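Spelled out, the chains give:
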Amino acid sequence: MSPRPLIPHRRELILDKAEELLLDVGFDAMTMQELASRVGIAKGSVYREFATKEKLLDEVLASAFARVQQSAAARVGQDRPPRLSAGYRAFAEGLVEEPLLCAAFLDDGGVFGSQVSRITDGRYRERHLGVEAWIEELQTTGALSTRIPAPDLALALSSATLGLLTAARTLGPFDADDLQGALRALEVMVGYLET
C-alpha cells in the first residue's frame, strides 16, 4: 500500500480555518471535529498537525502576531532603531487590521476564553524585555530622554498595552477605534520623551 499523498499547505489551511472558527464561536466552544469539518479532513489529521487545541491556539496566535510585526516593520521603514512613537503607531495600525488580535483586545474572554490567561511560557516577558532593550538603545543613541529609566518606562508601556487585554471586562465594551485611540495615546505620550 502506498503512503497517502501529503496535502500541500494543509497546516496553513488548518490554521486559517482555526482562526475563522475562533472568531465565529470562540476557543471554549471550538472543537477539533468542527475544525476538521471546515478543512475537509478527518479529525485525526488535525491532531497529527496539532497535538492539542491549546497548541493549535498557540500557533494561530503566533501567526497573527507575526503578521502584525511584519506590518509594523513595513510601516516604520528603514529607521533602525525606529522611534518609539512610530513603533506604537505602526503596532496600533497593524493590530486593528489583524482581526484575531483585535478581537482579543475587544472581546475579553469570548474569542480565547480563559486560555490566554493560562499562558506561562514567558512569551510576554520576552516581548517586554524586547521593549526594554529598544528603549535602552534609543536612550543610548540620544533619540529618547533618559529622564525615565528604561526598565521603568518599558514596564509602564508593557503594562498599559497588556492592560488593554482586560479593559473590556473591567471598563466595559469598546470598539476598534477606541483601541486604536488608546494605542495612539501611548504613541503621543512617548513622543514627549523623544528628542
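Everything that follows concerns the structure shown earlier in this document.
The structure reproduced in this document is the subject of the present report. (Residues numbered from 1 in each chain as written. Predicted model: local features only at pLDDT ≥ 70, side-chain atom pairs only at ≥ 80, totals over all residues. Heavy atoms only, no water.)

### A few points about the overall build of the chain
As a reminder of what qualifies: Put simply, DSSP H or I for four residues or longer makes a helix, DSSP E for two residues or longer makes a strand, and each gets a number counted from the N terminus. Whether a residue is buried, partly exposed or exposed follows from its accessible area with a 1.4 Å probe, protein chains only, as a fraction of its type maximum: under 20%, in between, or over 50%, in that order. When checking whether two residues touch, look at their non-hydrogen atoms; a contact exists if any pair is within 4.5 Å. Accessible surface is estimated by sampling points in the Shrake-Rupley manner with a 1.4 Å probe; for residues, cover comes only from the protein chains shown. Positive charges come from Lys and Arg, negative ones from Asp and Glu, while His and the chain ends are left out of the count. Every charge is mapped onto a representative atom, which is NZ of Lys, CZ of Arg, CG of Asp or CD of Glu.
Each helix and strand in the chain was counted, giving 9 helices and 0 strands. Across its three principal axes, the chain shows a C-alpha extent of roughly 70 × 40 × 25 Å. For the chain, with 195 residues in total, the buried portion stands at 42%. Residue pairs in contact within the chain that sit at least 24 positions apart in sequence constitute 67% of those at least 6 positions apart. Carbon and sulfur atoms make up 56% of the accessible area of the chain, which totals about 10700 Å². Measuring between centres, the 21 positive side-chain charges of the chain sit 5 Å from its 28 negative side-chain charges.

### Some points on the packing of helix α6 (residues 99–106) against helix α8 (residues 150–171)
The following threshold applies: Between N-to-C directions, angles span 0 to 180 degrees; the directions come from axes that are lines fitted to C-alpha atoms, helices contributing only their stretch in contact. An angle below 35 degrees is treated as roughly parallel, one above 145 as roughly antiparallel, one from 65 to 115 as roughly perpendicular, and anything else as oblique. Following the grouping adopted for this structure description, the nonpolar residues are Ala, Val, Leu, Ile, Met, Phe, Trp, Tyr, Cys and Pro, the charged ones are Asp, Glu, Lys and Arg, and the polar ones are all others, Gly among them.
Closest axis-to-axis distance for the α6/α8 pair is 6 Å, and the angle between their directions is 70 degrees. Taken together, the axis directions place α6 and α8 in an arrangement best described as roughly perpendicular. Seen from α6, the contacting residues are A104, F105 and L106; seen from α8, they are T161, L164, L165 and A168. Of the residues belonging to the contact of α6 with α8, the class tally is 6 nonpolar, 1 polar and no charged.

### A word on the nonpolar core
The nonpolar side chains of a soluble globular protein tend to be buried with one another. Quick note on the threshold: Throughout, nonpolar core names a set of buried Ala, Val, Leu, Ile, Met, Phe, Trp, Tyr and Cys residues whose side chains join them through atoms within 4.5 Å.
Within the largest apolar cluster, 53 residues are counted, with the highest numbers of intra-cluster contacts made by L22, L35, L56, L84 and I135. Every element with two or more residues in this core is listed here: α1 (10–25), α2 (32–39), α4 (53–76), α5 (84–97), α6, α7 (123–140), α8 and α9 (176–191).

### Things to note about the layout of surface pockets
Note the threshold: The distinction between a cavity and a pocket rests on a 1 Å grid over the protein atoms alone: a 1.4 Å probe fits inside a cavity but cannot get out, while a pocket stays open yet meets protein on both sides within 12 Å along at least five of seven lines, and a residue with an atom within 4 Å of a point counts as lining. Grid points are joined across faces, edges and corners, and a volume is the space filled by probe spheres set on the points.
Size it by volume and the largest pocket reaches roughly 1200 Å³. Looking at the largest pocket, it is lined by 44 residues, and the ones nearest its centre are F65, F91, R127, T161 and L162. Broken down by secondary-structure element, the contributors of at least two residues to the lining of the largest pocket are α4, α5, α6, α7 and α8. Among the elements that take part in the lining of the largest pocket, α4 stands out by supplying 9 residues, more than any other. Here the lining of the largest pocket is built from residues that sort into 25 nonpolar, 11 polar and 8 charged.

### What to know about the packing of aromatic side chains
Quick reminder of the rule: Paired rings are identified among Phe, Tyr and Trp, the last through its six-membered ring, by centres lying within 6.5 Å, and are further divided according to the angle between planes into stacked (under 30 degrees), edge-to-face (over 60) and tilted (the rest). A ring has a charge above it when a Lys NZ or an Arg CZ is no more than 6 Å from the ring centre and no more than 35 degrees off the ring normal.
On inspection of all chains with the given rule, the structure shows 0 aromatic pairs. Positioned above the aromatic ring of F65, the side-chain terminus of R127 is 3.8 Å from the ring centre.

### Brief notes about α1
Here is the rule: Take the residue count of a helix, subtract one, and multiply by 1.5 Å to get its expected span.
In this model α1 runs 22 Å from its N-terminal to its C-terminal C-alpha over 16 residues, within 8% of the 22 Å that 1.5 Å per residue would give. Within the span of α1, buried status applies to R10, I14, L15, A18, E19, L21 and L22. Looking at the buried positions of α1, the neighbouring elements they touch are α2, α3 (43–49), α4 and α6. Looking one or two residues past α1, G26 carries a phi angle of roughly 90 degrees, positive in sign.

### With respect to the environment of F27
With respect to the element layout, F27 can be found in the loop between α1 and α2. Counting along the chain gives 21 residues from F27 to R48, while the straight-line C-alpha distance between them is 19 Å. Contact partners of F27, with chain neighbours within four places excluded, come to L22, K53, E54, L57, G110, V111, F112, G113 and Q115.

### Topic: the pattern of salt bridges
Quick note on the threshold: Salt bridges are defined by distance alone: a side-chain nitrogen of Lys or Arg within 4 Å of a carboxyl oxygen of Asp or Glu.
Using the criterion set out here, one finds 15 salt bridges in the structure. Here R75 makes a salt bridge to E97, at a shortest N to O gap of 2.5 Å. Residue R75 is found in helix α4, and its partner E97 is found in helix α5; the two are separated by 22 residues along the sequence. Residue classification places R75 among the partly exposed residues on the basis of a relative accessible area of 34%. A salt bridge links E187 to R89, with the shortest nitrogen-to-oxygen separation between them at 2.9 Å. Residue E187 is located in helix α9, and its partner R89 is located in helix α5; the two are separated by 98 residues in the primary sequence.

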